[in-house]
Amino acid sequence: TRALNAAERANKIDRTLLPAYYYLGSVYVQTGAYDKAIEPLNTYLLYETEDAGAYAMLGEALSKTGAYREAVNALNQALRLDRNQVSAYLYLGTSYLRLDNLAGAEVNLRRAIEFFPDSFDANIGLTEIFYKNGTYGSAYLQAETSFSKAKTDQEKALAIYWRARSHEGRGAWGDAIKDWNSLLSFSSSAVPSEMRTEARDHLRSIATPTRTPVGPRVSPTPTVSLTPRPGNTATPAPGLKAPTVTP
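This section reports on the structure supplied with the text. (Residues numbered from 1 in each chain as written. Predicted model: local features only at pLDDT ≥ 70, side-chain atom pairs only at ≥ 80, totals over all residues. Heavy atoms only, no water.)

**Structural notes on the overall build of the protein**
Link 1 in the chain: Along the protein, the regular secondary structure elements total 12 helices and 0 strands.
Link 2 in the chain: Classification of the 247 residues of the protein by burial places 50% in the buried group.
Link 3 in the chain: Taking all contacts inside the protein whose residues are at least 6 apart in sequence as the whole, residues at least 24 apart take part in 53%.
Link 4 in the chain: Working note: accessible area of the protein is about 12000 Å², and carbon and sulfur atoms make up 51% of it. (Helix = DSSP H or I, 4+ residues; strand = E, 2+ residues; numbered from the N terminus. Buried < 20%, exposed > 50% of the residue type's maximum accessible area, 1.4 Å probe, protein only. Contact = heavy atoms within 4.5 Å. Areas by Shrake-Rupley, 256 points an atom, 1.4 Å probe, with all protein chains shown as cover.)

**What to know about the pattern of salt bridges**
Link 1 in the chain: One pass over the full model with this rule turns up 10 salt bridges.
Link 2 in the chain: In this structure, R110 and E106 form a salt bridge, with 3.0 Å as the shortest nitrogen-oxygen distance. Linking R110 with E106, this pair stays in helix α7 (residues 102-115), spanning 4 residues, or about one helical turn.
Link 3 in the chain: Notably, a salt bridge pairs D118 with K149, separated by 3.1 Å at the nearest N-O pair. Within this pair, whereas D118 is found in the loop between α7 and α8 (120-132), its partner K149 is found in helix α9 (residues 136-149), the two being separated by 31 residues in sequence.
Link 4 in the chain: One network of salt bridges, with partners in common, ties together R98, D100, E128 and K132. (Salt bridge = Lys/Arg side-chain N within 4 Å of Asp/Glu carboxyl O.)

**Concerning the packing of aromatic side chains**
Link 1 in the chain: Under the criterion given, the structure shown has 8 aromatic pairs.
Link 2 in the chain: Ring centres 5.3 Å apart and planes at 85 degrees place the aromatic pair Y22 and Y23 in the edge-to-face group.
Link 3 in the chain: Residue class for Y22 comes out partly exposed when judged on its relative accessible area of 22%.
Link 4 in the chain: Note on Y161 and W162: the rings are 5.0 Å apart at their centroids and 85 degrees apart in plane angle, and the pair reads as edge-to-face.
Link 5 in the chain: When its relative accessible area of 0% is taken as the criterion, Y161 is described as buried.
Link 6 in the chain: Judged by relative accessible area, which is 4%, W162 ranks as buried. (Phe/Tyr/Trp six-rings, centres within 6.5 Å; stacked < 30°, edge-to-face > 60°.)

**Here we look at the environment of A20**
Link 1 in the chain: Note on placement: A20 falls in helix α2 (residues 18-30).
Link 2 in the chain: Since its relative accessible area comes to 5%, A20 is described here as buried.
Link 3 in the chain: A20 sits 21 residues away from L41 along the chain, and the two C-alpha atoms are 9.9 Å apart.

**Some points on unusual backbone geometry**
Link 1 in the chain: In this model, D100 sits at a positive phi of 65 degrees, which is unusual for a non-glycine residue.
Link 2 in the chain: Relative to the elements of secondary structure, D100 occurs in the loop between α6 (87-98) and α7.

**Digging into the packing of α6 against α8**
Link 1 in the chain: For the pair α6 and α8, the least separation of the axes is 10 Å and the interaxial angle reads 30 degrees. Our classification of the angle between α6 and α8 gives roughly parallel. The handedness of the crossing between α6 and α8 comes out as left-handed. Here α6 contributes L90, L97 and R98 to the contact with α8, which in turn contributes D121, A122, G125, E128, I129 and K132.
Link 2 in the chain: Of the residues belonging to the contact of α6 with α8, the class tally is 4 nonpolar, 1 polar and 4 charged. (Axes fitted to C-alpha atoms, helices over the stretch in contact; angles between N-to-C directions. Parallel < 35°, antiparallel > 145°, perpendicular 65-115°, else oblique. Left-handed = near helix turned anticlockwise from the far one by under 90°. Nonpolar A, V, L, I, M, F, W, Y, C, P; charged D, E, K, R; others polar.)

**Focus on the packing of helix α3 (residues 34-47) against helix α4 (residues 52-64)**
Link 1 in the chain: Closest axis-to-axis distance for the α3/α4 pair is 9 Å, and the angle between their directions is 145 degrees. As α3 packs across α4, the resulting crossing turns out to be left-handed. Residues Y34, A37, I38, L41, N42, Y44 and L45 of α3 form the contact with α4, whose own contacting residues are A54, Y55, M57, L58, E60, A61, L62 and K64.
Link 2 in the chain: Partitioned by chemical class, the residues of the contact of α3 with α4 number 12 nonpolar, 1 polar and 2 charged.

**Here's the deal with α2**
Link 1 in the chain: Its 13 residues give α2 an end-to-end C-alpha distance of 19 Å, which sits within 8% of 18 Å, the value for a rise of 1.5 Å per residue.
Link 2 in the chain: For α2, every residue scored as buried is listed here: L18, A20, Y21, L24, G25, S26, V27, Y28 and V29.
Link 3 in the chain: The first or second residue beyond α2 is G32, which carries a positive phi of 80 degrees. (Expected span 1.5 Å × (residues − 1).)

Below, the structure is given as C-alpha cells:
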C-alpha cells in the first residue's frame, strides 16, 4: 500500500516523470490490479521502447484481463529484447491457449514449467492442451500432476474437472463418476455454478445406456494463480539453451 501511494503521488506531482509510470504499473501488477496497470505501462513504453521487463509486465496484465492478442505481442517483444524474462512464457502460453493456438501454447507452457515446475497455471494449462488434442492418457497424467501442485480448493477443483473429462476420454467411466461427484462436494466458492451444472450433466449422461458425450458448457481457465509470481529477471538454469519464441 505504501509503495502504491508513493507511486500514485509521484505521478500526480509530475506527469512528465517517466519512472513514475513504470513504478505505478509495476505496483498495480504486483497487487493484482491488472486493469489499472495497462495504461501507465503503455505510457512508459511509448518512450522506453527497449525495456523488456516493462513489456513482460504489460503482457502479464493484458493476459490477466483477457486481451490475449495484445498480450502475445507484448510478451513476444519482451522475449525478443531479453530471453531472461522467463515469466513471459507462462502468460504467453496461457494467452495462446485462450486463442486456441495449442502448438504455441504447449511450447511456451513447457518452457514455463522448466523454470517454474510448481506453477499450477502452467501445469493445468498443459492438461487442457493434452485433452483438446485428444491425448486423454497424457491429459489424465498431467491432471494428476496439476492436482499435486494445487494449493487452494479452486485449483484442486479445476484439476479434478480436467481429470474427470480425461477419464471420460479414456472410457474410464467409473473413475469419471467418482471425480464428477468429488467436484460436486466442493463449496460454491471453489466450483462456479456453470461447472457444477456441467458435472451434473455429465453424471446424467454417463448413467444413460448410450453414454452420450456431453460437451463442455464452460472452458475453465487458470485465472487465479496463487503460485508466487515469477520475477522478471530470473536467470535460466545452467546449460539450458536459449528458448525459441513461438510467434
